[in-house]
Amino acid sequence: MNKLRVLLIDDEEAFVTTLQERLELRDIEARVALDGQQGLHTLTEYSPHVVVLDLRMPGLSGIEVLKQIRHQWPQLPVIMLSGHGSKQDAQTCLDLGAVQYHKKPLDIEELVHSLMHATSKGW
Amino acid sequence: MNPVATEAKFMGTVTALSMHEMQNILAIIRESAGLMGDVLKINAQVDFKYRPKMEQTLEHITSQIDRGKKLLEATSRLAHSPDEDLLLSCDLNIYARTVALLSERQVRLKGARVNFTPAATPLPVAVGALMVLMAGYRAVQWAVNTHIKDGYVQINLQAGDTEHALIITPPVGLCPDVRLLDPASISLPGQNARTHWDGNKLFLFFPTQQAADHE
C-alpha cells in the first residue's frame, strides 16, 4: 500500500518541520513549503494526497492559496490550520472547500485522523 | 468617536496580534515536546536511566500548553471584544466562559477556584462583548473580595424570554472584616441591563437579542 503523502504549507519553519518529522514517524510522507507561492509551485511537481495549509502567512494568504488549489486541483483535499481560531475564519475556509479546520496548537492524533478521513473519502 | 472606544480598539488590535503569535509559539512547543515523546515511545525497549524523568517533564509541558491554550483563548476573545461586530451584541454563553477563564488567576490568588457550567445553547444578548466581560469580571472580583477564602466561585447561566442571566455564586460565608458593598453598584451598561442579589447569588441580567429586536 502506498504511503500517505502530505504537503504542509506554513511559514513557521520550526513548527512545520517538527510536524513533518512527527508525521514521518507515523509512516506518513510529508513535504514542506514555507509560503503559499512555494506551496503552489511544489504542487506542480509533487502529488500529495492531501494538503495541510496555514491560514495566515506573509505574501499569499492561506485563503488565496486555498482558492487556487480548489481551482487548479479541485480533487485535492485541503485541511486548514490556524492559530487565530475564529468561527468565522473556519466557516470561510469550509465554504471555500477546505475539508477540515484545525486550531493550533495541534493534537497530532486528531490531525492524523483528519488526514486519513480526508483521503478515505476520496475528495 | 468615543475616546474610550478608540483606546479599547487599539489595545484589542495589538493584543489580538500578540495572542495569535503566542498560539504559534505554543504550537511549536507542543510539536517539539510531542516529537520528544514520540522518540521515547519508539525507543521504549532501550534502557534509559532518565526515561521516567523525561516522561514526567513532557507531561508537565503538555499540561502547561493546555493551560496556556485556555488563557490564550480567553485573552484573544477579550482582545477582539471591541470589534465592530461585537459592539452591540454577543453570545452570553461564550463570554461567560471567557469571564471564567480570565478570572481564574484573581480567584486563585484569593484562595478559591472558579467553576463554570455553560449553557447548552447560544444565548444572544443585546449587549456588547466588552461590556459583558467588564460586568462579569467585576462581579467575580466582588465575590472573592467579600467572601471567605477557599471553596468555589460558581458561574452559571440562565436563559429567559426577555433576559438571559449570568449568575455568580460566591464561596460560602462573608468575610467578617470586609464591609459588604452593594452588588447593585456593579454598574451595567446600556438600558435594561440590571443586577440582583438574592442573598446567595448575584444575577447579572442582560436583554436578549430577540427582545431587543422586537422593540
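Refer to the preceding data block for the structure.
A few points on the structure. Positions within a chain are numbered from 1, following the residues in the order the chain's sequence is written. To read the labels, note that chains go from A and ligands from 1, taken in the order they are written. Thresholds applied to this predicted model are a pLDDT of at least 70 for local features of residues and 80 or more for the giving and counting of side-chain atom pairs; totals over whole chains, interfaces and linings are not thresholded and use all residues. Each side-chain value is worked out from all heavy atoms of the structure, with water and hydrogens disregarded.

A word on the sheet that holds strand β3 (residues 50-54) of chain A
Residues and elements named next belong to chain A.
Next, step 1: Taken in spatial order, the five strands make up an open sheet running β2-β1-β3-β4-β5, and their pairing is parallel. The sheet is open, and its two edges are formed by β2 (28-33) and β5 (100-103), each paired on a single side. Across this sheet, the average inter-strand angle for adjacent strands is 20 degrees, counted without regard to direction.
Next, step 2: In this analysis, strands are considered paired if DSSP registers two or more bridges between them. Here a strand is any run of E in DSSP of at least two residues, a helix any run of H or I of at least four, and the numbering for each starts at the N terminus. Note: strand β1 (residues 4-9) against β2, six bridges, orientation parallel. For helices, the fitted axis covers only the stretch in contact; all axes are lines through C-alpha atoms, and the angles between them, taken along N-to-C directions, range from 0 to 180 degrees.

Quick look at the pattern of salt bridges
Next, step 1: We define a salt bridge as a side-chain nitrogen of Lys or Arg found within 4 Å of a carboxyl oxygen belonging to Asp or Glu. In total, this model carries 13 salt bridges over all chains according to the counting rule given.
Next, step 2: A salt bridge links Glu84 of chain B to Lys9 of chain B, with the nearest nitrogen and oxygen atoms 2.2 Å apart. A residue pair is termed long-range when its members are at least 10 positions apart, and Glu84 of chain B in the loop between α2 (51-80) and β1 (90-91) and Lys9 of chain B in helix α1 (residues 3-42) qualify at 75 residues.
Next, step 3: Residue classification places Lys9 of chain B among the partly exposed positions, given a relative accessible area of 23%.
Next, step 4: Here the salt bridges do not stand alone but share partners, grouping Arg22, Arg26 and Glu109 of chain A together with Glu31 and Asp38 of chain B into one network. Partly exposed describes any residue whose relative accessible area lies between the buried limit of under 20% and the exposed limit of over 50%, with all areas from a 1.4 Å probe on protein chains only and scaled to the type maximum.

A short note on the environment of Tyr50 of chain B
Residue and element names in this part refer to chain B.
Next, step 1: Residue position: Tyr50 is located in the loop between α1 and α2.
Next, step 2: Of the residues examined, Tyr50 reaches a relative accessible area of 48% and is grouped as partly exposed.
Next, step 3: Separated by 3.4 Å, the side chains of Tyr50 and Lys49 make a polar contact. Any pair of N or O atoms that falls within 3.5 Å is considered a polar contact. Within protein, one atom must be able to donate a hydrogen and the other to accept it, and sequence-neighbouring residues count only if both atoms are side-chain atoms.

Notes on helix α3 (residues 62-72) of chain A
Residue and element names in this part refer to chain A.
Next, step 1: Restricting attention to buried positions, one finds in α3 the residues Gly62, Val65, Leu66 and Ile69. All buried residues of α3 fall inside an arc of 100 degrees around its axis, so they share one side.
Next, step 2: The criterion used for residue contact is that any of the two residues' heavy atoms lie within 4.5 Å. In this structure, the buried residues of α3 make contact with β1, α2 (36-43), β3, β4 (78-82) and α4 (87-95). When we speak of the arc, we mean the arc of directions from the helix axis to the C-beta atoms.

Side note on the pairing of β1 of chain A
Residues and elements named next belong to chain A.
Next, step 1: Of all six residues in β1, five are buried; the element is thus mostly enclosed.
Next, step 2: Convention used here: a crossover is right-handed provided that the path from the first strand, over the helix, to the second strand proceeds clockwise when the strands point away from the viewer. A crossover connection joins β1 to the parallel β2 through helix α1 (residues 13-25); in handedness this β-α-β unit is right-handed.
Next, step 3: Of the pairings in the sheet, the one linking β1 to β3 comprises four bridges and is parallel in character. The residue bridging Val6 from the neighbouring strand is Val50, located in β3.

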